[in-house]
Each structure stands twice: as C-alpha cells, then as structure tokens.
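One letter stands for each residue in the lines below.
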Amino acid sequence: MITGIAAVINSPRDYYKIKKPVIIIAKKTHPDIVISIKNVKAIVTELDNKLCHAAIIAREYGIPLVMGAENATKEFRTGDKITVDIKRKMIWKTQ
Amino acid sequence: MEDPIIDLLACTYRLDVAGVEKNLKILWSEYQKIIHQKSNWKNINRARAILYFIGYIYPEWITVQSLERRIRFIKPPLTLNAFLVTVDRNDQRILKKYKNNEKFKKLSRFYKIVKSVKNKVANGTYLDENTFNEQYEKLKPKDHF
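Given the structure is predicted, the values throughout are model-derived calculations rather than measurements. (Residues numbered from 1 in each chain as written. Chains lettered and ligands numbered in written order. Predicted model: local features only at pLDDT ≥ 70, side-chain atom pairs only at ≥ 80, totals over all residues.)

Quick look at the overall build of chain A
- The number of helices and strands found in chain A is two helices and six strands.
- For a compact globule of 95 residues, the expected C-alpha radius of gyration is about 12 Å, and chain A comes in at 12 Å, within 12% of that figure.
- When its C-alpha atoms are laid out on the principal axes, chain A stretches across 30 × 25 × 20 Å.
- Taken over 95 residues, chain A has a buried fraction of 39%. (Helix = DSSP H or I, 4+ residues; strand = E, 2+ residues; numbered from the N terminus. Rg over C-alpha atoms; globule rule 2.2 N^0.38 Å. Buried ≥ 20, exposed ≤ 12 C-beta atoms within 10 Å, placed from the backbone.)

Remarks on the overall build of chain B
- Per the secondary structure count, chain B includes seven helices and two strands.
- Its helices and strands in sequence order give chain B the pattern α-α-α-α-α-α-β-β-α, from N to C terminus.
- Viewed in the frame of its principal axes, chain B has a C-alpha envelope of about 60 × 30 × 25 Å.
- When burial is assessed residue by residue, chain B has 26% of its 145 residues classed as buried.
- Looking at chain B alone, contacts between residues at least 24 apart form 58% of all its contacts between residues at least 6 apart. (Contact = placed C-beta atoms within 7 Å.)

Examining helix 6 (residues 102-118) of chain B
- When the terminal C-alpha atoms of helix 6 of chain B are compared, their 25 Å separation across 17 residues agrees well with the 24 Å that a helix rising 1.5 Å per residue should span.
- Residues Phe104(B), Leu107(B), Phe110(B), Tyr111(B), Val114(B), Lys115(B) and Lys118(B) constitute the buried set of helix 6 of chain B. Looking straight down helix 6 of chain B, one finds that the buried residues subtend no more than 135 degrees of arc, so they occupy a single side. Of the exposed residues in helix 6 of chain B, the ones pointing more than 90 degrees away from its buried face are Glu102(B) and Ser116(B).
- Summarising the contacts, the buried residues of helix 6 of chain B are in contact with helix 1 (53-61) of chain A together with helix 2 (17-36), helix 3 (41-71) and helix 4 (80-88) of chain B. (Expected span 1.5 Å × (residues − 1). Arc of directions from axis to C-beta.)

Re the environment of Lys105(B)
- Positionally, Lys105(B) belongs in helix 6.
- Separated by 36 residues in sequence, Lys105(B) and Pro141(B) place their C-alpha atoms 48 Å apart.

Quick notes on unusual backbone geometry
All names here are of chain B.
- With an omega of -5 degrees, the peptide bond running from Lys 75 to Pro 76 counts as cis.
- Its identity is not glycine, yet Asn 90 carries a phi of approximately 50 degrees, on the positive side.
- Position of Asn 90 relative to the elements: it lies in the loop between helix 4 and helix 5 (92-95).
- Although it is not a glycine, Asn 123 sits at a positive phi angle of roughly 50 degrees.
- Mapped onto the elements of the fold, Asn 123 is located in the loop between strand 1 (121-122) and strand 2 (125-126).

Comments concerning the interface of chain B and chain A
- Taken together, the contacts link 16 residues of chain B with twelve residues of chain A.
- Mapped by element, the contributors of at least two residues to the side of chain B that touches chain A are helix 3, helix 4, helix 6 and strand 2 of chain B.
- Partitioned by chemical class, the residues of the side of chain B that touches chain A number eight nonpolar, three polar and five charged. (Nonpolar A, V, L, I, M, F, W, Y, C, P; charged D, E, K, R; others polar.)

Written as structure tokens, this is what we have:
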C-alpha cells in the first residue's frame with residue numbers, strides 16, 4: 001500500500017506544478033508526466049488498458065499503478081491525503 | 001491507392017512489422033500535413049479519424065488483441081503482462097531466455113513501434129493535439145451537431 005498526497009490532473013499543464021512527491025490521479029496520463037516523474041509515487045487512472053500511456057510509463061519507470069478507478073478524478077481533490085492498495089485496486093482518503 | 005489504415009490492418013494480420021511502421025509513418029505524415037496547412041472540414045475530419053485511430057483504436061485495441069493472440073505461441077510461455085514488463089523495463093534476465101527466439105523478437109519490435117506512437121509529442125502536445133484542436137474549432141460549421 002502507498003500513502004501520499006493526491007495530485008488530480010485535468011490538463012497536461014498540471015504536471016508542471018508538481019514539486020513534491022504525489023500520487024497522480026487522472027482520467028488518463030499524457031507524455032508530459034515525464035516532467036514530474038521523479039515525484040510520482042503511484043498513478044491512478046480512470047481508463048484501463050494494457051497499452052494506454054499510463055500503463056507503458058508505469059512499466060518503464062516501475063511506478064505502482066491502479067487503472068480502472070471510475071470517477072477517481074471527481075472523488076478526490078489535489079492535496080487530499082490518500083492510500084492506494086495496488087493489489088486490491090482500491091483508493092481511499094486517509095486522515 | 002490503398003488506404004494506409006486498411007494496409008496497416010493487413011500488415012498487422014501478417015505481423016509485417018516493417019509494413020506496420022511504414023503505414024504508421026504515412027498516417028502520421030498525412031495527419032501532420034492536414035493540420036499544418038490550409039484545410040477544410042472534410043480533411044480535418046480525416047485528420048480526426050487518423051488521430052483517433054493511431055492514438056487510440058490501433059494501439060489500445062487492435063495491438064493489444066494482436067499481442068494477446070500471439071503471445072500464446074511464445075516458448076517458454078509468458079503472460080502478456082510479463083512480456084510487456086520485460087520489454088518496457090528491458091529486463092535482461094528474462095530477455096536472454098528469448099535471445100534466439102525470432103517470434104519473441106518480432107513481437108517485441110512490433111510492440112516498440114506501436115509504443116513509440118503512444119509516446120509521440122509534437123509542438124508540445126501528445127500527437128500534436130493542440131494544433132489539431134485549434135484547426136478543428138476554426139473549421140467546425142456553426143450548425144454542426
């Protein structure tokens with residue numbers, strides 16, 4: 001399980017705002033994620049596909065990934081403290 | 001002249017990796033040409049079709065299905081996930097098991113070519129989407145629905 005601060009991505013520009021380690025939450029990722037890759041602890045995406053960009057990036061950089069998290073970009077806000085259970089594909093807010 | 005989308009599919013069925021690469025390049029060039037020159041509503045929708053095809057349908061559906069079907073023929077056997085992780089991480093420990101396996105090497109080349117499209121950035125955006133979006137909005141008829 002990974003706990004950290006959520007960064008909800010609504011536009012590729014959002015990757016440039018990341019200055020501290022975060023858990024990315026996005027509908028799908030974008031090549032600009034490499035700008036902040038050193039600060040990405042985990043990735044959560046709404047879309048789920050073995051060849052989507054997030055899946056490729058997660059494999060290339062060895063970053064934990066949960067795909068298919070429906071409405072994750074609506075349920076969480078940037079700055080929320082969250083925990084991601086990679087094996088069970090679950091995400092929840094942490095106090 | 002044969003449509004490169006059709007030829008790309010035919011090359012995928014044959015696993016003609018050079019043909020896949022050639023047709024992806026042709027489609028990318030056509031897309032770039034349309035969005036960077038004076039265009040019209042018909043052409044910009046051709047560009048939209050190419051963008052959707054090479055950016056989504058081809059890699060995320062057709063390629064995944066093609067890999068899933070063919071991975072079963074690789075010996076020693078490995079799952080599609082294991083194949084993708086091995087190639088993406090360039091895991092030499094596993095790759096050396098398949099050093100002389102032509103099917104594995106061909107499938108790996110095919111995947112890397114398709115992956116290069118998913119990582120392609122032009123003019124600062126994925127698959128030059130900003131340029132496409134700007135052109136599309138300019139050309140969209142006011143009564144389009």
